[in-house]
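# Fold and geometry: a report
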Amino acid sequence: ALSAYQDGKRRRLVDTGKNNELPIGTPGKPWGDAEKAEWFTSRSKKRAYKDEVLTKIDELKDRFDVERYGALPLDKERYPLYAVKTRNWDSGKPHVLITGGVHGYETSGVQGAFLFLQSEAERYSASFNILVMPCISPWGYETIQRWNAKAVDPNRSFNPDGEVVPGRSFNPEPATEESSAVIDYLKSLEVKQWLCHIDCHETTDTDETEFRPAKAARDGLEPKPDTIPDGFYLVSDMTNPQEAWHTVMIDAVRKVTHIAPPDDKGLIIGETVVQEGVIAIPSPKMLGLCAGVTNATYATTTEVYPDSPKATDEQCNRAQVACITGGLDYIMKVL
């Protein structure tokens with residue numbers, strides 16, 4: 001088995017055992033509280049949320065409105081939660097939400113959101129009210145984990161009352177402190193209609209070598225192998241496909257990094273490819289995904305592949321920005 005650790009900014013893989021088996025719990029039996037606690041205590045800090053996130057938040061305070069919307073109860077001083085807003089919000093302008101770090105281990109989701117704030121957000125503020133929540137899962141960021149500290153996937157926790165379909169790879173999970181804080185903060189803004197929401201993610205080699213086996217162990221199931229796509233792709237809502245918008249974003253990212261091709265079955269992560277570099281899934285809201293947390297007319301999830309030999313950390317961050325700016329440029333043209 002392989003596990004991830006941080007070497008500078010690049011994710012590396014190290015051998016942790018045989019056959020991708022997680023040495024926690026009993027195979028075929030779902031984890032209880034004891035197994036989840038054992039998993040939590042076996043995690044360790046790999047990088048500093050304070051240095052890589054909070055410092056950058058502080059640097060933005062002269063140019064943006066920064067609001068603390070909560071803190072993780074695990075350690076409220078260590079894990080405060082922040083949102084960054086463009087200034088001069090106007091109820092007459094459309095509202096845009098950019099989220100990153102829902103899965104804390106997906107580095108460019110966080111750092112790409114910061115790069116957008118640092119380099120591009122202000123030039124769009126005349127047309128949009130922009131809210132960026134750059135690191136929704138700080139414990140996961142520090143420990144380079146997909147789950148939160150309670151072994152729940154935050155990006156399945158935004159609608160715990162959603163529909164569970166046995167055997168489906170996308171299913172809602174219980175509410176988390178991370179998702180609940182986001183939902184409560186968005187409600188406090190009293191935005192009746194969001195225009196756009198882009199949720200920034202990565203698909204990594206450790207999805208296959210660590211996190212899928214861990215999920216199978218947690219749920220008492222056999223892990224199902226899959227292929228990690230080499231390149232960038234987007235996850236659209238089959239109930240609101242917005243094909244032209246997705247095409248523009250794929251074309252914008254193509255200038256920065258390569259687009260993921262389908263596998264030999266014509267799929268990406270087991271899902272049907274509906275247009276180049278785009279898969280479609282059931283309503284993200286019903287699946288508990290962050291991309292479904294608002295009523296945005298335009299909503300998508302980005303997926304950068306940071307482990308490709310053809311992509312650098314800088315390209316991964318720039319790909320997130322290219323997708324965001326490409327999407328916003330399209331919307332400005334059609335409004």
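Now for a quick tour of the structure. Bear in mind that the values here come from a model prediction, so they are computed numbers and not experimental data.

## Some words on the nonpolar core
- Core analysis: the biggest nonpolar cluster contains 77 residues, and Y69, F116, L131, M133 and F232 have the highest contact counts within it.
- Sorting elements by how many residues they give to this core places helix α10 (residues 313–334) first, with nine residues.
- Not counting residues up to four positions away in its chain, the partners in contact with F232 are I250, V253, T257, H258, I259, A260, T302, E303, V304, A319 and C323.
- Grouped together as the second largest cluster of nonpolar side chains are 10 residues, F170, A260, I268 and L287 included.

## What to know about the layout of surface pockets
- Taken as a whole, the largest pocket encloses approximately 1100 Å³ of empty space.
- R168, S169, F170, R212 and K215 are, among the 44 residues lining the largest pocket, the residues nearest its centre.
- Looking at which element gives the most residues to the lining of the largest pocket, the answer is helix α7 (residues 205–219), with seven residues.
- Counted by class, the lining of the largest pocket contains 17 nonpolar, nine polar and 18 charged residues.

## Re the sheet that holds strand β11 (residues 278–281)
- With mixed pairing, the 10 strands of this open sheet are ordered in space as β3-β4-β6-β5-β7-β12-β8-β11-β10-β9. Since the sheet does not close on itself, it has two edges, and those belong to β3 (65–71) and β9 (267–268), each with one partner.
- Bridge count for strand β7 (residues 196–202) against strand β12 (residues 298–304) is seven bridges, and the pairing is parallel. Across the sheet, the residue bridging to C196 is Y298, located in β12.
- Across the sheet, helix α2 (residues 49–59) is in contact with β3 and β4 (80–85); its angle to β4 comes to roughly 35°.

## Description of helix α8 (residues 243–254)
- In this model, α8 (12 residues) spans 16 Å end to end at C-alpha, consistent with the 16 Å of a helix rising 1.5 Å per residue.
- Taken as a whole, α8 has its buried residues at W245, H246, M249, I250, A252 and V253. For α8, the angular spread of the buried residues around the axis is 160°, confining them to a single face.
- Summarising the contacts, the buried residues of α8 are in contact with β7, β8 (233–237), β10 (271–275), β11, β12 and α10.

## Observations regarding the state of the cysteines
- Evaluation of the coordinates by the stated rule reveals zero disulfides.
- Of all cysteine sulfurs in the structure, the one in C323 sits closest to C196, which takes part in no disulfide; the separation is 8.9 Å.
- For C196, a relative accessible area of 0% gives the class buried.
- Here C200 is not disulfide-linked; the sulfur of C323 is the nearest cysteine sulfur, at 7.2 Å.
- Residue C200 is classed as buried on the basis of its relative accessible area, which comes to 1%.

## Let's talk about α2
- When we look at burial in α2, the residues that qualify are Y49, V53, L54 and I57. The buried residues of α2 occupy an angular sector of 85° when projected down its axis, which confines them to one face. The exposed residues of α2 that point more than 90 degrees off its buried face are D51 and E59.
- Buried residues along α2 sit against β3, β4, α3 (107–119) and α5 (138–143).

## Topic: the pairing of strand β6 (residues 129–133)
- Burial analysis of β6 places five of its five residues in the buried class, which makes it a mostly covered element.
- Looking at chain direction, β4 and β6 are connected through two bridges and run antiparallel. Opposite V84, over in β6, you have V132 as the bridge partner.
- Summarising the sheet, strand β5 (residues 95–100) and β6 pair through five bridges and their orientation is parallel.

## With respect to the side chain of D263
- Residue position: D263 is located in the loop between α8 and β9.
- For the buried residue D263, which engages in no salt bridge, the nearest side chain bearing the opposite charge is K265, 6.5 Å off.
- At 2.8 Å, the side chain of D263 forms a polar contact with the backbone nitrogen of K265.

## Topic: the packing of α3 against α10
- Direction vectors running N to C along α3 and α10 enclose 55°, while the axes themselves pass 8 Å from each other. Looking at the two axes, α3 sits oblique to α10. Seen along the crossing, α3 lies across α10 with a hand that is right-handed. Only C316, N317, R318, Q320, V321, I324, T325 and L328 of α10 make contact with α3, whose side of the interface consists of S108, G109, Q111, G112, L115 and F116.

Rules used in this analysis
- All chains use their own residue numbering, which begins from 1 and follows the written sequence.
- Only residues with pLDDT of at least 70 are given local features in this predicted model, and only at 80 or more are side-chain atom pairs given and counted; all residues enter the totals for whole chains, interfaces and linings.
- With hydrogens and water excluded, all non-hydrogen atoms of the structure serve as input to the side-chain values.
- Here, nonpolar core means buried Ala, Val, Leu, Ile, Met, Phe, Trp, Tyr and Cys residues that are tied together by side-chain atoms lying within 4.5 Å of each other.
- Relative accessible area decides the class of each residue, using a 1.4 Å probe on protein chains only: under 20% of the type maximum gives buried, over 50% gives exposed, and in between gives partly exposed.
- Secondary structure follows DSSP: runs of H or I at least 4 residues long count as helices, runs of E at least 2 residues long count as strands, and numbering of each begins at the N terminus.
- Throughout, a residue-residue contact means that at least one pair of heavy atoms, one from each residue, lies within 4.5 Å.
- A cavity, in this analysis, means grid points on a 1 Å lattice covering only the protein atoms where a 1.4 Å probe fits yet has no way out; a pocket is instead an open set bounded by protein on both sides within 12 Å along at least five of seven lines, and a residue lines either one if it has an atom within 4 Å of a point.
- Grid points are joined across faces, edges and corners, and a volume is the space filled by probe spheres set on the points.
- Gly is put with the polar residues, along with every residue not named as nonpolar or charged; the nonpolar set is Ala, Val, Leu, Ile, Met, Phe, Trp, Tyr, Cys and Pro, and the charged set is Asp, Glu, Lys and Arg.
- Pairing between strands requires that DSSP locate at least two bridges from one strand to the other.
- Angles shown run from 0 to 180 degrees and are taken between the N-to-C directions of axes, each axis being a line fitted to C-alpha atoms and, for helices, limited to the stretch in contact.
- Helix span, as expected, comes to 1.5 Å for every residue beyond the first.
- The arc in question is the one traced by the directions running from the helix axis out to the C-beta atoms.
- Criterion for a disulfide: a pair of cysteine sulfur atoms at a distance within 2.5 Å.
- His residues and chain termini do not enter the charge count, which takes Lys and Arg as positive and Asp and Glu as negative.
- A pair is scored as a salt bridge if a Lys or Arg side-chain nitrogen falls within 4 Å of a carboxyl oxygen belonging to Asp or Glu.
- For this analysis, a polar contact is any N or O atom pair within 3.5 Å, provided that within protein one partner can donate a hydrogen and the other can accept it, and provided that sequence-adjacent residues contribute only side-chain to side-chain pairs.
- Angles are sorted into four bins: roughly parallel if under 35 degrees, roughly antiparallel if over 145, roughly perpendicular if 65 to 115, and oblique for all others.
- The sense of a crossing depends on the near helix, which, turned anticlockwise from the far helix by less than a right angle, makes the crossing left-handed and, turned clockwise, makes it right-handed.

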